[in-house]
Amino acid sequence: MNHKPIEGFSKLSKQGKIDWLINEYLQGNKEYQNILKQYWNENVELQKLHEEFSENTVSNFYMPYGIAPNFLIDGKLFALPMAVEESSVVAAASKAAKFWIDKGGFKTTIINNEKLGHTHFILNVESHKLLHFFNFSLKKKLLEATEDITSNMRKRGGGILDIKLVDKTSEMPNYYQLKASFDTVDSMGANFINSCLEQFGKTLKQEMTISEEFTQEEKNSLQIVMNILSNFTPDCIVRAEVSCKMEDLKDDSGISPEEFARKFKQAVTIAEIEPFRATTHNKGVMNGVDAVVIATGNDFRATEACAHAYAARDGQYRSLTHCTIDHDVFRFWIDLPISVGVVGGLTNLHPLVKFSLALLGKPSAQELMSILAVSGLAQNFAALRSLVTTGIQKGHMKMHLLNILNQLGATEQEKQHFVTYFKDKTVSHHEVIHEFNRMRGQIN
Ligand code: MEV
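Residues numbered from 1 in each chain as written. Predicted model: local features only at pLDDT ≥ 70, side-chain atom pairs only at ≥ 80, totals over all residues. Heavy atoms only, no water.

Some words on the domain arrangement of the protein
Phase 1: Here the protein is described as being made up of domain 1 (1–62), domain 2 (65–112 + 237–390), domain 3 (115–229) and domain 4 (396–439).
Phase 2: Summarising the inter-unit geometry, the C-alpha centres of domain 2 and domain 4 are found 30 Å apart.
Phase 3: Residue-level contacts link four residues of domain 2 with four residues of domain 4.
Phase 4: Of all residues in domain 2, Ser-87, Ser-88 and Ala-91 bury the most surface against domain 4, accounting for 88% of the area lost on that side.
Phase 5: Where domain 2 packs against domain 4, one counts zero salt bridges.
Phase 6: The tally of links from domain 2 across to domain 4 stands at zero residue pairs in polar contact (both at pLDDT 80 or more).
Phase 7: Grouping the amino acids of the side of domain 2 that touches domain 4 by side-chain chemistry returns one nonpolar, two polar and one charged. (Domains from an automatic or database assignment. Contact = heavy atoms within 4.5 Å. Buried area = accessible area lost by both parts, 1.4 Å probe. Salt bridge = Lys/Arg side-chain N within 4 Å of Asp/Glu carboxyl O. Polar contact = N/O pair within 3.5 Å; in protein donor to acceptor, adjacent residues only side chain to side chain. Nonpolar A, V, L, I, M, F, W, Y, C, P; charged D, E, K, R; others polar.)

This is the structure:
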């Protein structure tokens, strides 16, 4: 069926939008309306709050909100809030936390904390002339012109750290950047940075116009292409690590600590040199990072983009985590570039985000960076631990069992039967279906 485009969808009421969807895309079947409506919150104010986070909202999309307890981070115990739909992520995090709790827990260090943004512009001048103008006049003007925008941030201890002129003309004709670094304290700072950069664009134009250093032709060649923060923040890095004597790496699968350490390190090295494995390896890291990023109201697309750009910073995509065994000491760590906030955005609006931040003891942005890196490292530890011992499917399929049973419409009593049935067996989709049919008397 060919669908018709619509003008003014955003102006329709919520019911109007649903009616249109049902008529245009869902063959007029009103049943679909109930699917959307069953997720509306009875609390009208709360529903309205959620609807106003985004545009054209017709329902709420739930994700499980779970807790991974027992995380010892820099000597303090945390229960991590995790919003994630994938079964076994929270269980894996909890297992890793428990493993490290009696081995000193996780240690973190903020390596640096700078955010970046650029004014990208085109200008047909000699580079040295532009550099002279930047150093002796423009830079000061850019800082002065943004004083109003930065005043609150400066009071909180942040602001613009530096502005540089970058010559990119060897890569694209007449292309330059104003590259600015920022300290945004406890906010992620996207609005702050973009406001500063937009002002840079305007000031650059104004200062060029009145400058006597350039010819009219040179002035006319100026084009401000765009002013935008960069989600790649290689100078906003947190390190999280665990270490212990090799002999303490006891695993209940029966493998010796030495063999465990050796295989674990090999698995990390493979992810360091092999992009196909590194992608899955880092996906597992981000299972842990993103679940806490989402639960704390931060932007998981930004954290994903940044982590993967960092993983490919030398031209090849590599593991975000690393491992050494030195004098019988096992060490496993992550350097994670991550830009997050604990003020602004959803943090003061979304009730569950407020809950998450309260649960974490109202962390600063840097403390949250530490927690996120730990969550990623723990998740990766749990995945590699399974991979080099029992294999991943044992744990995964146990957690997935409930999903399969729910799809089959199993009753609570039937679910209980399956938990007992698979206690000492490996869960497989085929085996669940077979046992389900047998139990319901459909086969012998
Ligand atoms: C699954 O979501 C993540 C893993 O594949 C990660 C890994 O292989 O390291 C288990």
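From this point on, the discussion continues.
Here's the deal with the site of the ligand
Phase 1: The environment of the ligand is made up of Glu-86, Arg-277, Thr-280, His-281, Lys-283, Gly-284, Asn-287, Ala-383, Leu-387 and Ile-392.
Phase 2: Between an oxygen atom of the ligand and a side-chain N or O atom of Glu-86, the distance comes to 2.5 Å.
Phase 3: In this structure, an oxygen atom belonging to the ligand sits 2.7 Å away from a side-chain N or O atom of Lys-283.
Phase 4: Look at the ligand: alone it shows 300 Å² of surface, and the protein chains cover 87% of it.
Phase 5: With six residues, helix H10 (residues 275–295) is the largest single contributor of residues to the shell around the ligand. (Near = heavy atom within 4 Å. Areas by Shrake-Rupley, 256 points an atom, 1.4 Å probe, with all protein chains shown as cover. Helix = DSSP H or I, 4+ residues; strand = E, 2+ residues; numbered from the N terminus.)

Comments concerning helix H16 (residues 429–439)
Phase 1: When we look at burial in H16, the residues that qualify are Val-432, Glu-435 and Phe-436. Buried residues of H16 fall within an arc of 105° about the axis and therefore sit on the same side. (Buried < 20%, exposed > 50% of the residue type's maximum accessible area, 1.4 Å probe, protein only. Arc of directions from axis to C-beta.)

A short note on the side chain of Thr-203
Phase 1: Here Thr-203 shows up in helix H7 (residues 190–210).
Phase 2: In this view, Thr-203 contacts Lys-141, Leu-142 and Ala-145; residues no more than four positions away in its chain are not counted.

A word on the pattern of salt bridges
Phase 1: On inspection of all chains with the given rule, the structure shows 19 salt bridges.
Phase 2: Of the charged contacts, one joins Lys-4 and Glu-24 as a salt bridge, the two residues approaching to 3.7 Å between their closest N and O atoms. Of the two residues, Lys-4 is situated in the segment before helix H1 (14–25) and Glu-24 in helix H1; the sequence distance between them amounts to 20 residues.
Phase 3: For Lys-4, a relative accessible area of 57% corresponds to the exposed category.
Phase 4: With a closest N to O distance of 3.0 Å, Glu-52 and Lys-48 form a salt bridge.
Phase 5: What emerges from the salt-bridge pattern is a single network uniting Lys-139, Asp-162 and Lys-164.

Looking at the sheet that holds strand E10 (residues 329–337)
Phase 1: Spatially, the four strands line up as an open sheet ordered E3-E8-E10-E9, and their pairing is antiparallel. The open sheet terminates on both sides in strands that have one partner only, identified here as strand E3 (107–110) and strand E9 (321–326). Averaged over all pairs of adjacent strands, the angle between strand axes in this sheet comes to 20°, irrespective of strand direction.
Phase 2: Here strand E8 (residues 237–245) pairs with E10 via nine bridges, running antiparallel. In the sheet register, Cys-244 faces E10, and the bridge partner there is Phe-330.
Phase 3: Docked against the sheet, helix H11 (residues 300–311) engages E8 and E10, running at close to 120° with respect to E10. (Pairing = 2+ DSSP bridges. Axes fitted to C-alpha atoms, helices over the stretch in contact; angles between N-to-C directions.)

What to know about a negative patch on the surface
Phase 1: A cluster of acidic residues, Glu-247, Asp-248, Glu-258 and Asp-328, forms a negative patch at the surface.
Phase 2: Inspection of the secondary structure assignment puts Asp-328 in the loop between E9 and E10. (Patch = residues over 30% accessible without salt bridge, like charges linked within 9 Å, V, L, I, M, F, W, Y side chains within 5 Å. Lys, Arg positive; Asp, Glu negative; His and termini not counted. Charge placed at Lys NZ, Arg CZ, Asp CG, Glu CD.)

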